[in-house]
Each structure stands twice: as C-alpha cells, then as structure tokens.
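Residues per chain, in single letters:
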Amino acid sequence: MRLSAMGDVAMTVPVLRAFVKQYPTVKVTVISRPFFKPFFEGIPNLDFFAFDEKERHKGFLGLLRLFSDVKKLKIDAFADLHNVLRSKIVSFLFALTGKKRATVDKGREGKKELTRVENKIFKQLPTMFERHAKVFEKLGFPVNLTNPEFPKRAVLSAEITDLVGESYQKLIGIAPFAQYDSKVYPLDFMEEVIAKLADNKEQTILLFGGGKKEIEILESLSKPFKNVINVAGKIKFQQELKIISNLDVMLSMDSGNAHIAAMLGVKVVTLWGATHPYAGFLPFNQSLDNALVSDRNLYPNLPSSVYGNKIIEGYEDAMRTISPKKVVKRIQSLLEEKK
C-alpha cells in the first residue's frame with residue numbers, strides 16, 4: 001500500500017483497523033513514508049515498510065528496488081490506496097508476477113461535477129473510507145465499517161502533563177490552519193471562538209499547527225488566556241498524537257488534523273470554506289451535523305474546489321457566514337453529549 005499526504009494516510013487507518021479485526025489471519029504491510037509510522041502502531045497483524053523517497057526508492061530505478069524489496073515479503077495481493085504514478089507502477093509490477101491488485105477509485109469525475117460552476121451536481125459522493133473498503137472488496141475481502149473500534153486514550157508522560165496541565169475537566173483541541181487559505185477560518189472569528197471557550201475555566205484549549213509563522217500566530221492566540229496552550233513546536237509528533245487521543249473534541253479546518261483526531265476516535269467539528277464534505281472527506285465516523293459549511297445561499301457556486309486550491313473571485317469571505325457563536329455551540333453540544 002502506497003500512501004502520501006497526512007490526511008490521506010490518516011483516512012486509511014480506520015479501514016485497516018476494521019480489516020485486521022475482520023480478517024485476523026491476514027497479514028498487512030503498509031508502505032509509506034517513515035514519518036507516518038506512528039499512525040499504525042498498535043494495529044495487530046500490521047507491519048510498516050518505510051518508503052525511502054530520497055535515496056533507495058527515488059526515481060524509476062528506485063521503484064524497481066521498492067518492488068524488489070516488498071516482493072521479498074511474499075506479498076499475495078497489492079492494494080493501491082493512493083492511485084498516483086508511483087503506486088500504479090509498483091502495482092503493475094506485481095500484476096506482471098501474477099499477484100492480485102486493486103486500485104482506489106478517487107471518483108474524479110463526480111468531484112468535477114460537484115465543484116464546477118456550470119451544471120453543478122450537488123450531491124453526496126462516496127467517502128474515501130468507502131472507496132478504500134471497495135479496494136479490499138475487489139481483492140476478496142469485503143470490509144464492514146460499522147461499529148468501529150478505536151485505540152484507548154494514550155497515557156500522557158510527565159513532559160506532556162507539564163505542558164498541558166492536569167486540572168482541566170474537558171480538553172479541546174483547535175487546529176486553525178490548512179494548506180490553502182480558502183479553507184482557513186478568519187483569524188478574528190477564531191479569536192472569538194477561543195475567547196468564548198476559554199471563559200469556562202474547567203476547559204483547557206490546546207492549539208495545534210506547524211511552521212514558524214503558524215507557531216507565532218498560535219502563541220499570540222494563546223497569550224491572553226491561562227487555559228489556552230499552544231503545543232505546536234513544543235513536542236514531537238508522536239507525543240502530539242497521544243495528546244490528540246485524549247481530547248474530548250477537536251475543532252479543525254478541512255485538514256489532516258481532522259482526520260488524525262477522527263482515526264483516534266475523537267469527536268471532530270470541521271469548518272468548510274471553498275471545499276465541502278460531500279466530496280468524500282468528512283472525517284471518519286463523524287456526523288454531517290459536525291461539519292459547519294459556508295452559506296451556499298449567499299455563495300451558490302460552493303464548493304469551488306475538492307482540495308481548496310481553487311477559489312472563485314468574490315468568495316474570499318465565504319467562511320464568514322459560519323458564525324463563532326455557531327461553532328462554539330456545536331462544540332459545547334458535543335461536550336454535553338460526552339457527559
């Protein structure tokens with residue numbers, strides 16, 4: 001299995017958890033970048049093979065070496081959950097040796113129909129989880145995604161508890177950034193959300209992000225409040241996953257953090273600007289009620305993009321139709337449900 005971006009990788013985890021539970025005698029090997037190995041730790045009958053894109057597995061000859069390396073593991077079938085040139089080449093090489101293979105259908109045509117301006121077809125498309133399950137079905141292993149199981153909350157080390165404290169009753173995560181600006185909630189609105197959540201001193205709010213500029217913004221957002229803490233740049237990625245597993249709710253854009261929280265069984269409230277959950281990227285096991293979308297009555301051409309890289313002129317303020325009050329209300333309703 002060949003995987004790439006953080007959100008893409010995280011979306012495979014719930015499917016793989018279901019697979020190994022339903023087929024306990026089948027061994028799975030995931031091929032991905034070393035950075036993503038922590039996603040798969042603790043999943044039984046699952047091994048991780050590190051894809052070395054910079055040296056050993058770089059370029060076409062590198063893909064031949066990758067095929068040779070993986071072939072030694074006595075692979076019976078190859079599931080391509082990425083569907084890009086590199087994964088297609090490795091899949092083809094396995095096919096030449098008589099092995100079963102199946103490739104995920106990303107539904108590109110349906111996504112074009114959903115995001116185009118002319119003759120837009122606004123309807124729910126299959127989720128990526130359903131698409132991944134279909135790959136295993138093609139290989140002879142139908143996967144049932146209902147009644148999912150999630151890992152237990154991670155035990156937090158003293159280093160982490162020193163950072164986030166221990167006096168809170170509820171732990172709320174906020175990941176206010178995304179790859180594209182069209183998916184990012186306006187900063188002044190986010191400040192309002194944080195301030196309203198911080199009013200409740202029994203709640204601790206943790207801010208997630210990465211990169212120098214993002215960390216500076218997160219520090220400024222946390223500064224006015226004792227119970228708002230920026231964790232970005234202060235801990236390793238593996239520790240960050242342990243913190244996320246302990247959240248009561250995560251507020252995220254349409255981004256990788258939403259999928260990471262969801263794969264760990266955390267309730268996630270997502271905010272959508274140029275994109276829309278109908279494209280199939282609603283986080284796993286989350287209700288559409290938790291996906292707060294920009295107003296299509298005012299911005300009828302939404303969604304304008306599958307990934308957020310395309311924005312229509314005049315649609316820059318679409319996310320301002322999602323009020324901070326509505327965001328806070330949804331988070332608090334999920335916290336009440338947990339009680």
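Remember, it's a predicted structure, so these values are computed and weren't measured experimentally.

What follows deals with the pairing of strand β4 (residues 100-103). Two elements, strand β3 (residues 77-80) and β4, share 4 bridges in a ladder whose sense is parallel. Its bridge partner lying in β4, Ala-77 is registered against Lys-100. Chirality of the crossover, the property in question, places the unit of β3, helix α4 (residues 85-96) and β4 among those that are right-handed.

Pairing between the strands of a sheet is mediated by backbone hydrogen bonds and can be parallel or antiparallel. With respect to topology, 6 strands assemble into an open sheet ordered β7-β6-β5-β8-β9-β10, the strand pairing being parallel. The open sheet terminates on both sides in strands that have one partner only, identified here as β7 (228-230) and β10 (291-293). With direction set aside, neighbouring strand axes in the sheet form an average angle of 20°. By the bridge criterion, 5 bridges tie strand β5 (residues 170-175) to strand β6 (residues 203-207) in an arrangement that is parallel. For Gly-173, the partnering residue across the bridge sits in β6 and is Leu-206.

What follows concerns a nonpolar patch on the surface. Together, Phe-60, Leu-61 and Leu-64 line one region of the surface with nonpolar side chains, adding up to about 300 Å² of accessible area. Tracing the chain through its elements places Leu-64 in helix α3 (residues 59-71).

Here the largest pocket is characterised by a volume of approximately 930 Å³. What lines the largest pocket is a set of 42 residues, and nearest its centre among them are Ala-5, Met-6, Gly-7, Ser-255 and Gly-256. Residue composition of the lining of the largest pocket, by class: 22 nonpolar, 13 polar and 7 charged. Considered as a void within the structure, the second largest pocket measures approximately 480 Å³ in volume. Lining the second largest pocket we find 20 residues, and of these Lys-27, Val-28, Ile-75, Asp-76 and Ala-77 sit closest to its centre. Split into classes, the residues belonging to the lining of the second largest pocket amount to 14 nonpolar, 1 polar and 5 charged.

Reading guide: rules and limits
Residues numbered from 1 in each chain as written. Predicted model: local features only at pLDDT ≥ 70, side-chain atom pairs only at ≥ 80, totals over all residues. Heavy atoms only, no water. Pairing = 2+ DSSP bridges. Helix = DSSP H or I, 4+ residues; strand = E, 2+ residues; numbered from the N terminus. Right-handed = clockwise from strand over helix to strand, strands pointing away. Axes fitted to C-alpha atoms, helices over the stretch in contact; angles between N-to-C directions. Patch = residues over 30% accessible without salt bridge, like charges linked within 9 Å, V, L, I, M, F, W, Y side chains within 5 Å. Areas by Shrake-Rupley, 256 points an atom, 1.4 Å probe, with all protein chains shown as cover. Salt bridge = Lys/Arg side-chain N within 4 Å of Asp/Glu carboxyl O. 1 Å grid on protein atoms, 1.4 Å probe; cavity = no way out; pocket = protein on both sides within 12 Å on 5 of 7 lines; lining within 4 Å. Points joined across faces, edges and corners; volume = space filled by probe spheres on them. Nonpolar A, V, L, I, M, F, W, Y, C, P; charged D, E, K, R; others polar.

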